[in-house]
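Working through the structure, step by step
Chain residues, written in single-letter form:
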Amino acid sequence: MSDRAIRSIAILGGGIVGLSAACAFARALPATRVTLIATPPDPAALADRALATWPRTARFHAAIGLDEPGLLHHAGATHRLGTAFTGWSADGSGWLHSFGAHGPRAQANFHQHWLIAARAGDTTPFHAYAPAAALAVAGRMAPPSDDPASPLADVEYALRLDPPAYAAHLTGLARHLRVHIVAGVLAAIDRRDDGGVAALILADGQRIATDLFVDAGGPTAPILSSLDDGFEDWSAILPCDRLLIAEPGAPALGLVDERHAVDAGWWWLAPGRTHTAIGLAYAAALTPDDEAARVLAAETGARPHDRLALRPGRRPRAWIANVLAIGDAAIMLDPLAGISLALAQSAILRAIDLLPDATMPPTLLAEFNRRTADEAARARDFTAAHYLASGRRSGIFWRALDRCTRPDSLAITLDQFAGRGHLPHFEEDLAAPDDWRAILLGMGVRPARGDAAAQAMPPGARRAMLDTALDRARAAPGLALPYRDFYRGMIGVQPG
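A few points on the structure. (Residues numbered from 1 in each chain as written. Predicted model: local features only at pLDDT ≥ 70, side-chain atom pairs only at ≥ 80, totals over all residues. Heavy atoms only, no water.)

Quick word on the overall build of the protein
The following threshold applies: Think of it this way: any DSSP run of H or I at least four residues long counts as a helix, any run of E at least two long counts as a strand, and we number them from the N terminus. C-alpha atoms define the radius of gyration in this analysis, and the globule rule sets the expected value at 2.2 Å times the number of residues to the power 0.38. The buried label goes to any residue with under 20% of its type's maximum accessible area, the exposed label to any with over 50%, and the partly exposed label to all in between, with areas taken from a 1.4 Å probe on protein chains only. We call two residues in contact whenever any of their non-hydrogen atoms come within 4.5 Å of each other.
In terms of helices and strands, the protein carries 16 helices and 23 strands. In summary, the protein has a C-alpha radius of gyration of 23 Å against a globular reference of 23 Å for 496 residues, a match within 12%. For the C-alpha atoms alone, the extent of the protein along its principal axes is close to 75 × 50 × 45 Å. Residues classed as buried in the protein amount to 57% of the 496 residues present. Partitioning the contacts of the protein with sequence separation of at least 6, the portion at a separation of at least 24 is 75%.

Describing empty space enclosed by the protein
Spelled out, the test is: With a 1 Å grid laid over protein atoms only, a set of points is called a cavity when a 1.4 Å probe fits there but cannot get out and a pocket when it is open yet has protein on both sides within 12 Å along at least five of seven lines; lining residues have an atom within 4 Å of a point. Grid points are joined across faces, edges and corners, and a volume is the space filled by probe spheres set on the points.
In this structure the tally under the stated criterion is six cavities of 30 Å³ or more. In this model, the largest cavity occupies a volume close to 90 Å³. Lining the largest cavity, in full, are Arg-56, Thr-57, Arg-59, Phe-60, Ala-342, Gln-345, Ser-346, Leu-349 and Leu-430. For the lining of the largest cavity, the secondary structure elements donating two or more residues are α2 (57-64) and α9 (340-353).

Here's the deal with the nonpolar core
The test is simple: Joining through side-chain atoms within 4.5 Å is the link that ties buried Ala, Val, Leu, Ile, Met, Phe, Trp, Tyr and Cys residues into a set, and such a set is a nonpolar core.
Judged by nonpolar contacts, the single largest core of 87 residues is most densely connected at Ile-11, Phe-25, Val-214, Leu-324 and Ile-326. In terms of residue count, helix α1 (residues 16-28) provides more of this core than any other element does, nine residues in total. For Ile-11, the residues in contact, after removing those within four places along its chain, are Gly-18, Ala-21, Ala-22, Phe-25, Val-34, Thr-35, Leu-36, Ile-37, Val-214 and Ala-216. Within the second largest apolar cluster, 66 residues are counted, among which are Phe-85, Ile-237, Leu-238 and Val-445.

Some words on the sheet that holds strand β13 (residues 232-233)
Strands pair in a sheet through their backbones, by hydrogen bonds, and they do so in one of two ways: parallel or antiparallel. The criterion, for reference: For two strands to be treated as a pair, DSSP must find at least two bridges joining them.
As summarised here, the arrangement of the three strands in space is β13-β19-β22, forming an open sheet in which the pairing is antiparallel. Since the sheet does not close on itself, it has two edges, and those belong to β13 and β22 (331-332), each with one partner. Examined bridge by bridge, strand β19 (residues 313-314) and β22 share two bridges and lie antiparallel to one another. Paired with Gly-313 across the bridge in β22 is Met-332.

Description of the layout of surface pockets
Heads up, the condition is: Asp, Glu, Lys and Arg are counted as charged, while Ala, Val, Leu, Ile, Met, Phe, Trp, Tyr, Cys and Pro are counted as nonpolar; the rest, among them Gly, fall into the polar class.
In this model, the largest pocket occupies a volume close to 680 Å³. In this structure, the largest pocket is lined by 31 residues; those nearest its centre are Arg-49, Ala-50, Leu-51, Pro-163 and Ala-277. Elements that contribute at least two residues to the lining of the largest pocket include exactly α6 (163-176), β14 (242-246), β15 (256-262), β16 (265-270), β17 (277-282) and β18 (304-309). Of the residues contributing to the lining of the largest pocket, the split by class is 19 nonpolar, six polar and six charged.

Quick look at the sheet that holds strand β11 (residues 207-209)
What counts, and what does not: Convention adopted: a line fitted to C-alpha atoms gives each axis, helices being fitted over their contacting stretch, and angles between N-to-C directions are expressed from 0 to 180 degrees.
Pairing in this open sheet of three strands is antiparallel, and the strands run β9-β10-β11 from one edge to the other. The open sheet has two edge strands, β9 (186-191) and β11, and neither has a second partner. The mean inter-strand angle of the sheet, taken between neighbouring strand axes irrespective of direction, is 25 degrees. As paired strands, strand β10 (residues 197-202) and β11 are joined by three bridges and run antiparallel to one another. Following the sheet pairing, Ile-201 is matched in β11 by Arg-207.

A closer look at the packing of helix α12 (residues 408-420) against helix α13 (residues 433-442)
We count it as follows: By definition in this entry, angles of less than 35 degrees are roughly parallel, angles greater than 145 are roughly antiparallel, angles of 65 to 115 are roughly perpendicular, and the rest are oblique. The sense of a crossing depends on the near helix, which, turned anticlockwise from the far helix by less than a right angle, makes the crossing left-handed and, turned clockwise, makes it right-handed.
Direction vectors running N to C along α12 and α13 enclose 65 degrees, while the axes themselves pass 12 Å from each other. Classified by the angle their axes make, α12 and α13 are roughly perpendicular. Judged by the twist between their axes, the crossing of α12 over α13 is right-handed. Along its contact with α12, which presents Leu-410, Thr-413, Leu-414 and Phe-417, the element α13 presents Trp-436, Arg-437, Leu-440 and Leu-441. Class assignment for the residues of the contact of α12 with α13 results in six nonpolar, one polar and one charged.

Observations regarding the packing of helix α10 (residues 362-388) against α12
Where α10 meets α12, the closest approach of the two axes is 9 Å, and the angle between their N-to-C directions is 55 degrees. Taken together, the axis directions place α10 and α12 in an arrangement best described as oblique. Seen along the crossing, α10 lies across α12 with a hand that is right-handed. Of the residues in α12, those touching α10 at Arg-378, Arg-380, Asp-381, Ala-384, Ala-385 and Leu-388 are Ser-409, Leu-410 and Thr-413. Class assignment for the residues of the contact of α10 with α12 results in four nonpolar, two polar and three charged.

Points about the packing of aromatic side chains
How we decide: Aromatic rings from Phe, Tyr and Trp, with only the six-membered ring used for Trp, were paired whenever their centres fell within 6.5 Å, and each pair was classed as stacked if the ring planes differed by under 30 degrees, edge-to-face if by over 60, and tilted otherwise. By the criterion adopted, a ring carries a charge over it if an Arg CZ or a Lys NZ lies within 6 Å of its centre and within 35 degrees of its normal.
On inspection of all chains with the given rule, the structure shows 18 aromatic pairs. With 6.3 Å between their ring centres and 45 degrees between their planes, Tyr-387 and Trp-398 make a pair best called tilted. Taken together, the residues span a long stretch of sequence, with Tyr-387 in helix α10 and Trp-398 in helix α11 (residues 396-399) at a distance of eleven residues. Between Tyr-483 and Tyr-487, the aromatic rings sit 5.8 Å apart at their centres with planes inclined by 70 degrees, giving edge-to-face as the arrangement. On the criterion of helical spacing, the pair formed by Tyr-483 and Tyr-487 is a turn pair, its members being four residues apart in helix α16 (residues 483-491). For the residue pair Tyr-483 and Tyr-487, the accessibility class agrees, reading buried in each case. Each member of the aromatic cluster is reached from another via a ring pair, and the members are Phe-85, Trp-88, Trp-95, Trp-266, Trp-268, Tyr-387, Phe-397 and Trp-398. In this arrangement the basic side chain of Arg-378 is found over the ring face of Phe-426, its NZ or CZ atom lying 3.8 Å from the centre. Here the basic side chain of Arg-380 rests over the ring of Trp-234, its NZ or CZ set 5.0 Å away from the ring centre.

Okay, structure coming up:
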């Protein structure tokens, strides 16, 4: 180890994000002392309460040494093929955002051929061409296939987690990786003359000095904000600033989460092995809290259990001097897209990939901040697109969306897609083009002009290609098991 190498790392935050960082740094840097200051998780930190993951989360789990069977057994995990939406489009029709390919991967711009058929009167929904969606609708599951001829080759999925069980599983891994875990509450911060942090002082008097401090302390960003309290507010873009969380529902196995638009906002349902999560997202200026409680009860039959205030936005620089902020300490989004934990774990892997030495070269920190800002902006855009491109204007919440701002990057995306079905390329985007097309076409966005290359295909050949693609997707459930049987086979016990 060089004299300038990072010899020690301290992570503030005892929730899922802090534990994720502790495991990742300890796994990647076995000669570095990693200390986790296990402060109580901030209830407003959504990444620490996250149920949903994205397919790319598997990369993070592989990096820290967790496999899927272990997550199923010990972290309460179940499989998630996508999200079903009702009431979001202008005509009120529902749609399904499923992971993975829609139509044959070998057919470039498949969605353009679907659009031509739709203009000619074909009413087959876009998600019907996705094998993962066919599995979700049938309630069946199978692992992706390595055989490109199989429709299962086009299936992608994510996991849905039980946060307490996942945190306990990460804690066990952290101890195995010799992470030093101390309980405590931050009382003060000693600053360095050069603008960095010298040490954290805990309420019991402990003084923790280290080369790199990781702030996983939630939206207040207790360490990073001591260096720079700047905040880029996205409340003009993302309209929800309240979450009303219901008492947990009964356990249930299901392959899709649900999002239901209502006049006051939207409510969610996420089935899980230990309980079903239910809640309502709304804007406090439009819907008083007591009215939100009535809406939640009327729509779901569930009673309110907790209420959280949201302030969507991000810290302009997630890494300053020797302080790195991750999770809600760096970016805050509502749970619509279920992307908060994926963002946090992506940032952790990026920090390890770009890890500087203890001198914290500004060029490396600037590169981390650039890429993190770009990824955060695209996650914001993807979330905002569900609102701003929905077409629904029924209800006080949805009518107020006309006052929302479209950031330039989202405007470019929506304008190019509305023009001819094209999606511009952005380097840092957790959502794949298939994800963008699924939500935009599902909500009823129809490009004004067709694609010249797609229009050149003879109509008979197009019809045959679409029919073949539809048959391929419909064949997927026949290759799969009912999800309860699949799950039982994976975990070896009968779920509740």
